[in-house]
Amino acid sequence: MFIKTRYDDKGNPFYTMETLEPGQDIRPNLSQQMVVAMIERLYGFKNVGIVELNGYDDRNFHVEIEEYDEDSDVWPHGYVLKVINSLDSQNTSYVDAQTEMALYLGARGVTCPQPVKNLSGNYYSLEEGLKGNKHIVRLLTYQPGQIMNQVPCTEQMFYNIGKFVGLVDEELKGFFHPAYDSNKSVWSLESLPLLRRFTFAVKDSERSSLVNSVIDAFETEVVEIIDTLEKGLIHGDMNEQNVVVSSNPDDGIWDVVALLDFGDTQRSCYVFELAINICYMMLLAADDNPIDAGGHVIAGYNTVRSVPDEEFQILKTCVCGRLCQSLVMGAYSYMQDPGNEYILSSSHKGWKVLEQLWNTPQNIVIDRWKRIITSYKLYES
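These numbers come from a predicted model, not from an experiment.

(A) View of the packing of aromatic side chains. If you walk through the whole model with that rule in mind, you get eight aromatic pairs. Between Y159 and Y376, the aromatic rings sit 4.6 Å apart at their centres with planes inclined by 20°, giving stacked as the arrangement. With Y159 in helix α3 (residues 155-171) and Y376 in helix α9 (residues 362-380), this residue pair connects regions lying 217 residues apart in the sequence. A ring pair is formed by F175 and Y180, whose centres lie 6.4 Å apart and whose planes are at 70°; its orientation type is edge-to-face. We note that F175, like Y180, is buried. Three or more aromatic residues joined by ring pairs form one cluster here, namely Y94, Y104, F175 and Y180.

In structure tokens:
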């Protein structure tokens, strides 16, 4: 789901939202035989093993090359074949932007899946699914390691991911692609007011009311000052399933080693990137102390970019806003694709975390976060 910039007769920009209609099926409909045949036709790989990976609206497959010459340039860990939903497949310039960003970061030491050219020399092609919809097909190198949500969450890990968030955004200051000047998604945090169009998917009236209260606060506290907030290119979805970690053999601490999925990259406010990451780290810590997890993330982030007080004052509302996006859009997308439990991955703990954070007074949240940040400074001194 994305927002297109269009222009009127006088050249003035306006926006239209390309979104799902109830009952519309945008997820690629592919058989395993089609995937195997596609891999051979587009990339020349034969004798492959495929395993489907989690996906929201897209279909993702881990492709293992079972026979290859060790002196060849075949990536030994295999590949990920991404078949993009029919709606996002209309936005080819944005796919180009994702490709260029991954190549840019990879060349600068940020480990992430690298795009692979097909036999025609292109980084993607447009293919037809079983139901006649057109889908962009891409191949990326598979990144080995453990996904963050598969390992025990610790305060040090939250600190490490916060620092990683800051480092990636800092690195992206040297990157440019014109697609990011106009592309916006319903998942962009600044698009939160559009979430009202989807709240009908939340059947519980109290929860729906809570979401509307968060949106109201976001419009008052954040939208009013958004032009003053520092902006740049951000990943836009640095959640616990888009980060690969590895245990350091020297101290056993889990370090961030790779970043996945550039499908929500965008030009936006840096505080939104931080808020999005805090949101998902709080979900990881939901059974323990979710609010404090945010303090550890900010402490790590502060080693790269110090959070201005203006951003600190809106951070709680931004985190709640992202929780609302995840919960409402999860419920909405599940209506379109019943049975895809991956879509509901945030809902199991999300409502509890949202209610806890929203009902904790602003001054208490900020005080707890700042105390945690100070504790790191004392330790470092």
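(B) Structural context of the environment of L81. Inspection of the secondary structure puts L81 in strand β5 (residues 79-83). Assessed through its relative accessible area of 0%, L81 is described here as buried. Spatially, the C-alpha atom of L81 lies 6.6 Å from that of H62, the residues being 19 residues apart in sequence. Those residues in contact with L81, other than ones at most four positions away along the chain, are V35, M38, I39, Y43, R59, N60, F61, V63, V137, R138 and L139.

(C) Layout of the environment of V202. Mapped onto the fold, V202 is located in the loop between β10 (184-185) and α4 (205-221). Between the C-alpha atoms of V202 and F175, which are 27 residues apart in sequence, the distance is 39 Å. Ignoring any residue separated from it by four or fewer positions in sequence, one finds V202 in contact with R207, S208, V328 and W351.

(D) Examining empty space enclosed by the protein more closely. Throughout the structure, instances matching the rule amount to three cavities of 30 Å³ or more. Looking at the second largest cavity, the residues that line it are G166, D169, E170, K173, Y270, Y301 and R305. The dominant element in the lining of the second largest cavity, judged by the number of residues it contributes, is α3, at three residues.

(E) Representation of the pattern of salt bridges within the structure. Summed over the entire model, instances satisfying the criterion amount to 14 salt bridges. Where E230 meets R305, a salt bridge forms, and the shortest distance between an N and an O atom there is 3.1 Å. Of the two residues, E230 sits in the loop between α4 and β11 (231-234) while R305 sits in the loop between α6 (290-302) and α7 (309-336), which places them 75 residues apart along the sequence. We note a salt bridge from R305 to E311, for which the minimum N-O separation is 2.6 Å. Here R305 and E311 have matching classes, each one buried. When salt bridges that share partners are traced, they join R196, D216 and E219 into one network.

(F) Region of interest: the nonpolar core. Among the nonpolar cores identified, the biggest contains 91 residues, and I161, F272, I298 and L354 are the most heavily contacted of them. At 13 residues, helix α5 (residues 270-284) tops the list of elements feeding residues into this core. Not counting chain neighbours up to four residues away, the residues in contact with I161 comprise M148, M238, V243, V256, N277, M281 and V297. Counting residues in each nonpolar core, the second largest holds 19 residues, with M38, L42, Y79 and V83 among its members.

Quick notes on the rules
Residues numbered from 1 in each chain as written. Predicted model: local features only at pLDDT ≥ 70, side-chain atom pairs only at ≥ 80, totals over all residues. Heavy atoms only, no water. Phe/Tyr/Trp six-rings, centres within 6.5 Å; stacked < 30°, edge-to-face > 60°. Helix = DSSP H or I, 4+ residues; strand = E, 2+ residues; numbered from the N terminus. Buried < 20%, exposed > 50% of the residue type's maximum accessible area, 1.4 Å probe, protein only. Contact = heavy atoms within 4.5 Å. 1 Å grid on protein atoms, 1.4 Å probe; cavity = no way out; pocket = protein on both sides within 12 Å on 5 of 7 lines; lining within 4 Å. Points joined across faces, edges and corners; volume = space filled by probe spheres on them. Salt bridge = Lys/Arg side-chain N within 4 Å of Asp/Glu carboxyl O. Core = buried A, V, L, I, M, F, W, Y, C linked by side-chain atoms within 4.5 Å.

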